[in-house]
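A closer look at the structure
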Amino acid sequence: VQTCALPIFSVLPESCIFITAMGYGGYAPGANSRMEGPRSDLEQVLRSLPLDKADETLEIMEKLTRNVVSTPAEEKFRKIKLTNKKINDTVTAVPGAVPVLREMGWVDSSSDGEPVLVLPAGVRLEFQETVVKLIEAKDFYKKEHEKERRQKHREERDASDQIGRASCRERV
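Residues numbered from 1 in each chain as written. Predicted model: local features only at pLDDT ≥ 70, side-chain atom pairs only at ≥ 80, totals over all residues. Heavy atoms only, no water.

With that settled, the discussion passes to the packing of helix H2 (residues 51-70) against helix H4 (residues 97-104). Two elements in contact, H2 and H4, have axes separated by 11 Å at closest approach and are oriented at 25°. Considering the angle they form, H2 stands roughly parallel to H4. For the element pair H2 and H4, the recorded crossing hand is right-handed. In this structure, H2 uses Thr57, Met61 and Thr65 to contact H4, whose residues at the interface are Ala97, Val100, Leu101 and Met104. A class-by-class count of the residues in the contact of H2 with H4 yields five nonpolar, two polar and no charged. (Axes fitted to C-alpha atoms, helices over the stretch in contact; angles between N-to-C directions. Helix = DSSP H or I, 4+ residues; strand = E, 2+ residues; numbered from the N terminus. Parallel < 35°, antiparallel > 145°, perpendicular 65-115°, else oblique. Left-handed = near helix turned anticlockwise from the far one by under 90°. Contact = heavy atoms within 4.5 Å. Nonpolar A, V, L, I, M, F, W, Y, C, P; charged D, E, K, R; others polar.)

Here is the structure:
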């Protein structure tokens, strides 16, 4: 087989084989895109937590979830007392946090007259579907915190620029 490198508008010999590319680097357009696909219900509720409470809430949720994933038969890990001080401060009192746990499969119940969330015996939390999603949500909020910090910095810079301009005009 003979390959040819000829100008586009010349007469081509029949023995030449031409290979066409599908875009940059041989990848189909969009194959290496950073566009996200649709989010699952769990991802949507994870991203609905308040920014100021998200880090601590996701940290405790990750601990609770890792405990269940690592030892699924252990009953003490399959029950969350919502009145526990730490749980109350980081989960119960945070808007949107309890719905995240419900989306994972936890159900409302009571134990000794106190509200609890229980993970039914038939529900098995998978590492990829729960812990990884929690880690991804933590990364999302980390980026959101950084965006907020940059925005505040820009606003402060712009405000000081305005003050500086105003003082320069007064001197003139």
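In terms of nonpolar packing, the biggest core is built from 27 residues, with Leu49, Leu58, Ile80, Val100, Leu101, Met104 and Trp106 touching the most fellow members. Residue assignment for this core shows that the elements contributing at least two residues are helix H1 (41-46), H2, helix H3 (85-92), H4 and helix H5 (127-171). It is H2 that provides the largest number of residues to this core, a total of six residues. In this structure Val100 touches Leu42, Val45, Leu46, Leu49 and Met61, once residues within four positions along its chain are discounted. (Core = buried A, V, L, I, M, F, W, Y, C linked by side-chain atoms within 4.5 Å. Buried < 20%, exposed > 50% of the residue type's maximum accessible area, 1.4 Å probe, protein only.)

Everything listed here is a matter of geometry and, on its own, says nothing about what the molecule does.
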